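Tertiary structure, described
Single-letter residue listing:
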Amino acid sequence: MGQAPRQPKRFWGGCARGALTAVCLWLAMPVAGVAQQIVSARYDGPTTRYPHGALGDAIEHDTLVVDLSDGRSMSARWDRPLVFEDEAPRVIDLDRDGSPEVIVVESHEDFGARLSVWGLVDGALALRAATPFIGTRFRWLAPVGAADLDGDGLFEIAYIDRPHLAKTLRVWRFVPTGEGANLEPVVDYPGVTNHQIGWEDIPGGIRDCGQGPEMIVADARWSRVLAVTLRDGRISANDIGPWQRGALDAALTCD
């Protein structure tokens, strides 16, 4: 329980872890007249109440902490049945309004994982959108990245649904609705993955080498590295070389 939280994810620029219990929020008094922004995020509150171990140990986290542009911090904590089951939060301005959101993986003790988006709403840290839970305990998803994958002006978020079992790429579109948002399903693509059981990291991501965004993943057999694109609602996968440990991250450099 005393283990430090996993390391924060780098800031994401679009390229390159029954009814729900109410979330508990803590917030310092806001500075009047100043619109604050999220500049970084991390997990805290280590807990062993969801002992899945997909990321190498039985410790997950119950608290999301964000740091604001004025130096303050803000936190949100899940009681049972939810935890954050993730390597680190991902910070990116999904709606392009100048105020970044935070992409996380949350897991329910009965229904498994979902992808969620948090952000500032009326000065408070709030859940803005979420995919459905996978539906079964100890079933997980591994994020790939977020970018305007198809050039329609809206950001898409991609993840691998059950990278150890179903090995299916799922792409969702983030559609702002005032202070809220919807995550709308775009396309699924089977036969790819980005994580092995026990790895502490989720390799790969999204790159742009001059031809538009490409999702870097592995084939389901862990033999090839694939650059996957979304065009006109359809997925295409290009084989860019053999897989070995480190190859997915190396591919992000475009070398």
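Residue indices follow the written sequence of each chain, beginning from 1 at its first position. It should be noted that, the model being predicted, local features are given only for residues of pLDDT at least 70 and side-chain atom pairs only at 80 or more, the latter also being counted only at that level, while totals for whole chains, interfaces and linings use all residues. The basis for every side-chain value is the complete set of non-hydrogen atoms in the structure, without hydrogens or water.

Digging into the state of the cysteines
Just so we agree on the cut-off: A pair of cysteine sulfur atoms is labelled a disulfide when the two atoms are within 2.5 Å. Counting from the N terminus, the helices are the DSSP runs of H or I reaching at least four residues and the strands are the DSSP runs of E reaching at least two. Accessibility here uses a 1.4 Å probe with only protein chains present; expressed as a share of the type maximum, an area under 20% marks a residue as buried, one over 50% as exposed, and anything in between as partly exposed.
Counted under the stated rule, the structure contains one disulfide. Covalent S-S linkage joins C209 and C254, the inter-sulfur distance amounting to 1.9 Å. When the S-S torsion is -85°, as for the bridge of C209 with C254, the disulfide is left-handed. Here the residue C209 occupies a position in the loop between β15 (205-208) and β16 (213-219), and C254 occupies one in the segment after α1 (247-251), the gap between them amounting to 45 residues. According to the relative accessible area criterion, C209 is partly exposed, its value standing at 33%.

Details of the layout of surface pockets
Under the convention used in this document: Using a 1 Å grid laid over the protein atoms alone, points where a 1.4 Å probe fits but cannot get out form a cavity; open sets with protein on both sides within 12 Å along at least 5 of 7 lines form a pocket; any residue with an atom within 4 Å of a point counts as lining. Grid points are joined across faces, edges and corners, and a volume is the space filled by probe spheres set on the points. The nonpolar class holds Ala, Val, Leu, Ile, Met, Phe, Trp, Tyr, Cys and Pro. Asp, Glu, Lys and Arg form the charged class, and all remaining residues, Gly among them, are polar.
Taken as a whole, the second largest pocket spans an internal volume of roughly 160 Å³. Every residue along the wall of the second largest pocket is listed here: R207, V225, I240, G241, P242, A247, A250, A251, T253 and D255. At the level of secondary structure, the elements contributing two or more residues to the lining of the second largest pocket comprise β18 (234-242) and α1. When its residues are assigned to classes, the lining of the second largest pocket shows six nonpolar, two polar and two charged.

Notes on the confidence of the model for the protein chain
Rules: Looking at any residue, its pLDDT shows the predictor's confidence there, from 0 to 100. Two residues qualify as a contact provided that any one of their heavy atoms is within 4.5 Å of a heavy atom in the partner residue.
Of all residues in the protein chain, 87% attain a pLDDT of 70 or more, and the chain-wide mean is 89. Here residues 7-33 scores under 50 on pLDDT; set against residues more than four positions off or in separate chains, the count is 87 contacts.

Focus: the sheet that holds strand β11 (residues 156-161)
Definition in use: In this analysis, strands are considered paired if DSSP registers two or more bridges between them. Structural elements are reduced to axes, namely lines fitted to C-alpha atoms, with helices fitted over the stretch in contact, and the angle between N-to-C directions of any two is expressed from 0 to 180 degrees.
Taken in spatial order, the four strands of this open sheet run β10-β11-β12-β13, and their pairing is antiparallel. Lying at the two open borders of the sheet, with one neighbouring strand each, are β10 (141-147) and β13 (180-190). Shown here is a sheet whose adjacent strand axes are inclined to one another by a mean of 25°, direction ignored. Relative to β11, β10 runs antiparallel, the two being bridged by six bridges. Note that in β11 the partner of A147 across the bridge is E156.

A closer look at the environment of R139
By secondary structure assignment, the location of R139 is in the loop between β9 (124-130) and β10. When its relative accessible area of 30% is taken as the criterion, R139 is described as partly exposed. Between the C-alpha atom of R139 and that of S107, which follows or precedes it by 32 residues, the distance is 8.4 Å. R139 has contacts with Y50, H52, G112, A113, I134, R162 and L165, leaving out every residue within four places of it along the chain.

Considering the pattern of salt bridges
Just so we agree on the cut-off: Just to be clear on terms, a salt bridge is a Lys or Arg side-chain nitrogen sitting within 4 Å of an Asp or Glu carboxyl oxygen.
Evaluation of the coordinates by the stated rule reveals 20 salt bridges. We note a salt bridge from R80 to E109, for which the minimum N-O separation is 3.0 Å. One end of the pair, R80, is in the loop between β4 (73-77) and β5 (82-84); the other, E109, is in the loop between β7 (101-108) and β8 (112-121), with 29 residues separating them in the sequence. On the basis of relative accessible area, E109 is assigned to the buried category, the value being 15%.

Let's talk about the pairing of β7
Counting buried positions along β7 gives eight out of eight residues, so the element sits mostly inside the fold. The side-chain alternation of β7 yields two buried faces, one formed by E101, I103, V105 and S107 and the other by V102, V104, E106 and H108. For β5 and β7, the ladder comprises three bridges, and the chain directions are antiparallel. For L82, the partnering residue across the bridge sits in β7 and is H108.

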